[in-house]
Amino acid sequence: MSSDWPAQAIPAAYLTPGTGSFSEFLARAEPQLLPGHGRDLGPLPELRHGTTVVALTCADGVVLAGDRRATMGNVIAQRDIEKVFVTDSHSAIGIAGTAGMAIEMVRLFRLELEHYEKIEGAKLSLDGKANRLASMIRGNLGAALQGLAVLPLFVGYDLSISDPTRTGRIYSYDVTGGRYEEHDYYGVGSGSTFARSALKKRFVRGSDPASAVRFAVEALYDAADEDSATGGPDLTRRIFPVVVTIGRDGAVRWTDEAVGEVSEQVVAGRMTNPGG
Amino acid sequence: MTMPIYASPEQFMRDRSDYARKGIARGRSVVAVIFSGGVLFVAENPSPTLHKVSEIYDRIGFAATGRYNEYENLRTAGIRLADVRGYSYDRGDVTGRWLANAYAQTLGSVFSEHSKPLEVELCVAEVGPPDGPTDGTADQLYRISYDGSMFDEPRFVVMGGVTEPVAAALEATFADGWDLPTAMRSCAAALGSAADGTKRVLSPAQLEVAVLDRRLLGRTFRRLDDVAVAGILATDTPDAADEATTDGGHPAESTESTGPAEPTEPAEPEFPDGDGAGDPAGGQE
């Protein structure tokens with residue numbers, strides 16, 4: 001209404017001073033846009049689930065990789081889903097869990113980081129980003145208890161640390177929003193037990209990014225080997241894992257060609273030695 | 001019992017205009033110009049942290065003069081509007097014209113409905129697509145005045161402080177499709193112009209410089225720090241200036257150069273007031 005300060009074109013809530021958090025602003029001004037708003041959590045149909053994502057540190061950075069399969073029960077729902085996303089210049093997120101919820105949460109989280117940066121004129125610290133993500137997962141607890149859990153794996157390059165062996169950091173979460181910093185390597189999703197076992201044997205601290213990517217693809221291959229919900233490298237359709245490396249210069253998503261080359265080497269290796 | 005003093009509506013509005021205009025004229029000037037690689041903002045701003053120029057969205061930038069607390073609030077509102085719209089529709093659905101309209105309506109209704117008008121003048125700039133024309137025809141510069149009137153400027157915007165000498169200086173040097181170093185040197189020189197013809201030389205520390213780089217995908221807004229600005233202002237030949245932009249962390253300017261640093265184009269006759277195309281008759285939306 002015209003009597004509200006200042007005017008209808010920009011609603012009053014937009015002109016009210018507040019924090020740099022986009023999700024808090026949405027909750028106050030546009031609650032209908034928040035993920036999960038107004039959902040009636042009755043009996044749920046079979047939904048798409050994302051599966052295995054692995055992260056490991058390398059020399060002065062961190063690597064995040066995820067397979068491409070989404071399942072609905074026993075059916076492969078999608079062969080080329082993307083579960084690994086670059087969230088800002090120095091961080092990335094991989095998701096396991098209900099795909100619809102997870103992708104919406106990633107969209108909101110990316111905007112959360114960008115919004116803060118634009119409003120405040122400075123980037124959040126890596127711990128700040130990890131904590132923001134924790135509170136967003138905690139906000140989804142009600143849905144998680146109904147089976148709509150989202151479990152991200154968050155990685156980033158900590159620009160405030162000068163020791164290059166500790167700059168790449170990995171955070172895992174549980175459905176209550178618990179935030180746990182992981183060291184060396186970690187994995188989430190249905191195939192993560194196998195992927196973590198593979199990484200346990202292969203991981204070398206301080207290896208170069210290219211070798212770390214090789215370890216990650218090997219681990220995803222092992223996960224796909226044991227877990228039906230995880231997809232291996234698909235050489236016939238040219239569908240390969242999504243790989244992101246983060247160093248001091250920022251996050252880089254590897255091209256399909258580059259990951260394809262690594263995947264072909266991994267598959268060629270397994271031709272002679274199936275156990276890797 | 002006292003009677004309220006009668007003031008005619010004309011007088012009432014004129015008083016408000018004078019009040020807002022005086023407030024804005026007390027500040028320092030900001031210019032936004034179109035150059036070959038996008039839009040360049042140059043502001044005279046001694047503070048390195050209280051910005052007059054800011055990013056709003058992927059291809060949209062914002063510049064303001066006047067009262068800091070008032071335009072800072074409008075800047076925040078603009079970022080929120082753009083982010084909410086991009087989140088609920090798509091990033092491509094956020095346009096400069098839409099945002100400028102929202103600002104214009106807000107400033108207009110504050111001007112006519114509230115006891116104190118906002119003492120701010122805003123510029124919303126948008127660059128065209130990365131594969132679009134480089135002559136600036138796809139870029140937009142909107143100037144929004146304290147009373148909500150909105151102007152679509154084809155070449156440059158000058159706001160705040162004493163605008164006439166700055167606009168006249170820019171009018172004299174502006175060249176279509178000029179490169180970044182030439183445009184920046186011209187803007188810095190224009191900001192140092194005073195009404196009595198004297199010239200101040202502004203140091204890089206006194207300037208706040210940012211660009212919307214049309215060639216980038218995604219977020220195009222880049223701030224240029226003092227070192228990068230000093231490098232560009234200090235060079236005379238366009239080739240050397242190109243290297244300076246690369247060293248300053250900003251993507252290198254494209255290869256075309258428009259000749260000497262001080263173009264000698266005369267003022268164009270159709271804008272005798274030296275205010276660019278800012279005359280309300282031609283530019284009002």
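The structure we're discussing is the one just above.
For the structure given in this document, a descriptive report is provided here. (Residues numbered from 1 in each chain as written. Chains lettered and ligands numbered in written order. Predicted model: local features only at pLDDT ≥ 70, side-chain atom pairs only at ≥ 80, totals over all residues. Heavy atoms only, no water.)

In terms of helices and strands, chain A carries eight helices and 13 strands. Among the 276 residues that make up chain A, the fraction classed as buried is 51%. Contacts in chain A between residues far apart in sequence, at least 24 positions, make up 64% of those at least 6 positions apart. (Helix = DSSP H or I, 4+ residues; strand = E, 2+ residues; numbered from the N terminus. Buried < 20%, exposed > 50% of the residue type's maximum accessible area, 1.4 Å probe, protein only. Contact = heavy atoms within 4.5 Å.)

With that out of the way, let us pick up the environment of G156 of chain A. Residues and elements named next belong to chain A. Relative to the assigned elements, G156 resides in strand β8 (residues 150–157). Residue classification places G156 among the buried positions, given a relative accessible area of 0%. Each C-alpha atom, one on G156 and one on T87, is 9.4 Å from the other, the two residues being 69 residues apart in sequence. The contact partners of G156, leaving out residues within four places of it in the chain, are V62, H90, S91, L126, T167, G168, R169 and I246.

Attention now moves to the pattern of salt bridges. A complete count under the given rule lists 40 salt bridges over all chains for this structure. The salt bridge involving R132 of chain A is made with E112 of chain A; its shortest N-O contact spans 3.1 Å. With R132 of chain A in helix α4 (residues 126–139) and E112 of chain A in helix α3 (residues 99–120), the pair connects residues that are 20 residues apart, well separated along the chain. A salt bridge links E119 of chain B to R67 of chain B; the shortest N-O distance between them is 2.9 Å. With E119 of chain B in the loop between α3 (96–113) and β5 (120–126) and R67 of chain B in the loop between β4 (60–66) and α2 (68–88), this residue pair connects regions lying 52 residues apart in the sequence. Overall, E119 of chain B belongs to the buried group, its relative accessible area being 2%. Look at the salt bridges and you will find they share partners, linking E114 and K118 of chain A together with D58, D83 and R91 of chain B into a network. (Salt bridge = Lys/Arg side-chain N within 4 Å of Asp/Glu carboxyl O.)

Moving on: the packing of aromatic side chains. If you walk through the whole model with that rule in mind, you get ten aromatic pairs over all chains. Each ring, one from F22 of chain A and one from Y87 of chain B, has its centre 5.9 Å from the other, and the planes form 80°; the classification is edge-to-face. Of the two residues, F22 of chain A is situated in helix α2 (residues 22–29) and Y87 of chain B in helix α2; the pairing between them involves two chains. Residues F22 of chain A and Y87 of chain B agree in their burial class; the two are buried. Both rings, one in F156 of chain B and one in F174 of chain B, keep their centres 5.8 Å apart while their planes meet at 45°; by these two values the pair is tilted. With F156 of chain B in strand β8 (residues 156–159) and F174 of chain B in the loop between α4 (163–173) and α5 (180–191), this pair connects stretches of sequence that are 18 residues apart. In this pair, the class of F156 of chain B matches that of F174 of chain B, namely buried. What links up through ring pairs into an aromatic cluster is the set F109, F154 and Y171 of chain A. (Phe/Tyr/Trp six-rings, centres within 6.5 Å; stacked < 30°, edge-to-face > 60°.)

Looking now at the nonpolar core. If you look at the biggest cluster of nonpolar residues, it comprises 58 residues, and the most contacted ones within it are F154 of chain A together with I56, Y103, L122 and I144 of chain B. Per element, the largest residue contribution to this core is nine residues, and it comes from α3 of chain A. Core analysis: the next-biggest nonpolar cluster, separate from the first, contains 29 residues, V33, A188, L207 and L224 of chain B among them. (Core = buried A, V, L, I, M, F, W, Y, C linked by side-chain atoms within 4.5 Å.)

Turning our attention to unusual backbone geometry. Leaving glycine out, the prevailing phi sign among residues is negative, and the prevailing peptide bond configuration is trans. All names here are of chain A. In this structure, D60 takes a positive phi of about 55° despite not being glycine. When you line up the elements, D60 lands in the loop between β2 (53–58) and β3 (61–66). Backbone geometry places D184, a non-glycine residue, at a positive phi of 70°. Mapped onto the secondary structure, D184 falls in the loop between β10 (179–182) and β11 (185–188).

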